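Residue-level structural notes
The lines below spell out each chain.
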Amino acid sequence: MSAPRTGDRAPRKRGRPARTDLGGGPGARERILAAARAEFAERGYDKASIRAIARGADVDPALVHHYFGPKEQIFAAAIEVAFAPALQMPHVVLEGGPDTVGERMARFFLGLWEDPVTREPLLAIVRSAVANETAAAVFRDLVSTRLMTRIADELDVEKPRLRAELAAAHLVGVAMLRHVIKVEPLASADMEDVIAQVAPAIQRHLTEAP
């Protein structure tokens, strides 16, 4: 049998490409999540694409699917990482006495929106959830399961779940008007003034009898 001629192509490998061929290796998963957060923040859920996320992470789109599956699953993973600071809210809210629970919840939640580092991911999440039902369902499950249920379980009042969700709705509305719609004078009001006005309402939602 004659030897292969110089310049002949090597036989094409069959089967699934190795992760290294797709741009994998150490840190690939973290790069994909970071690229996904940036893509969803810039373009929203509808316009974000797996290909764009892959470009941002310098990997093949197949590796994005390998780690996370379809777009809604990488969105869920990305927003859980971005939403991680907010997931500390039940601990902060419930660690003190009931008399100041409204002030603690208002200060913690609104404080996340005051910090640009935590505000930008939250803005991306909210914008995607408002515009797309798939994104909204993912966000709704995260908020319901990881935040409101944990807070409601510790409230010694009637209809604790409804009360916790009303408190959350109040705070989300304030954050939207202040940081997304930017309605004045709320948008430029001093943070301590806002908390002083909002905290009593949150306290009523969480603790006072109807």
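All of the points below concern the structure found in this document. Remember, it's a predicted structure, so these values are computed and weren't measured experimentally. (Residues numbered from 1 in each chain as written. Predicted model: local features only at pLDDT ≥ 70, side-chain atom pairs only at ≥ 80, totals over all residues. Heavy atoms only, no water.)

1. Describing helix α3 (residues 61–68)
In plain terms, the rule: Under the scheme applied here, a residue whose accessible area is under 20% of the maximum for its type counts as buried, over 50% as exposed, and between as partly exposed, the area being computed with a 1.4 Å probe on protein chains only. Secondary structure elements are defined from DSSP: runs of H or I of at least 4 residues count as helices, runs of E of at least 2 residues count as strands, and each element is numbered from the N terminus. Directions drawn from the helix axis to the C-beta atoms are what define this arc. By definition in these notes, contact holds between two residues if any of their heavy atoms fall within 4.5 Å. Think of a polar contact as two N or O atoms within 3.5 Å of one another; within protein, one of them needs to be a possible hydrogen donor and the other a possible acceptor, and neighboring residues in sequence only count if both atoms come from side chains.
Among all positions in α3, only L63, V64 and F68 are buried. The buried side chains of α3 occupy one side of the element, clustering within an arc of 110° when seen end-on. Elements that come into contact with the buried residues of α3 comprise α1 (28–47), α2 (50–57) and α4 (71–82). For α3, the N-terminal cap is D60; the gap from its side-chain oxygen to the backbone nitrogen of A62 is 2.8 Å.

2. Re a nonpolar patch on the surface
Keep this limit in mind: Residues with no salt bridge and a relative accessible area higher than 30% make up the patches, which join like charges within 9 Å and nonpolar side chains (Val, Leu, Ile, Met, Phe, Trp, Tyr) within 5 Å. Residue-level accessible areas treat just the shown protein chains as cover; the underlying method is Shrake-Rupley with a 1.4 Å probe. A side-chain nitrogen of Lys or Arg and a carboxyl oxygen of Asp or Glu constitute a salt bridge if their distance falls within 4 Å.
Side chains of L177, I181 and V183 sit close together on the surface and give an oily, nonpolar patch of about 240 Å² of accessible area. Positionally, I181 belongs in the loop between α9 (160–180) and α10 (191–207). Relative accessible area serves as the criterion here: at 54%, I181 is assigned to the exposed category.

3. A few points about the pattern of salt bridges
Should the charged atoms of two oppositely charged side chains come close, the side chains can pair. This structure, assessed with the given rule, holds six salt bridges. As a salt-bridge pair, R107 and E103 come within 2.6 Å of each other at their nearest N and O atoms. Of the two residues, R107 and E103 both sit in helix α6 (residues 101–114), four residues apart, roughly one turn of that helix. E103 gets classed as partly exposed once you look at its relative accessible area, which sits at 29%. Three or more residues are tied together by salt bridges with common partners; here these are E103, R107 and E192.

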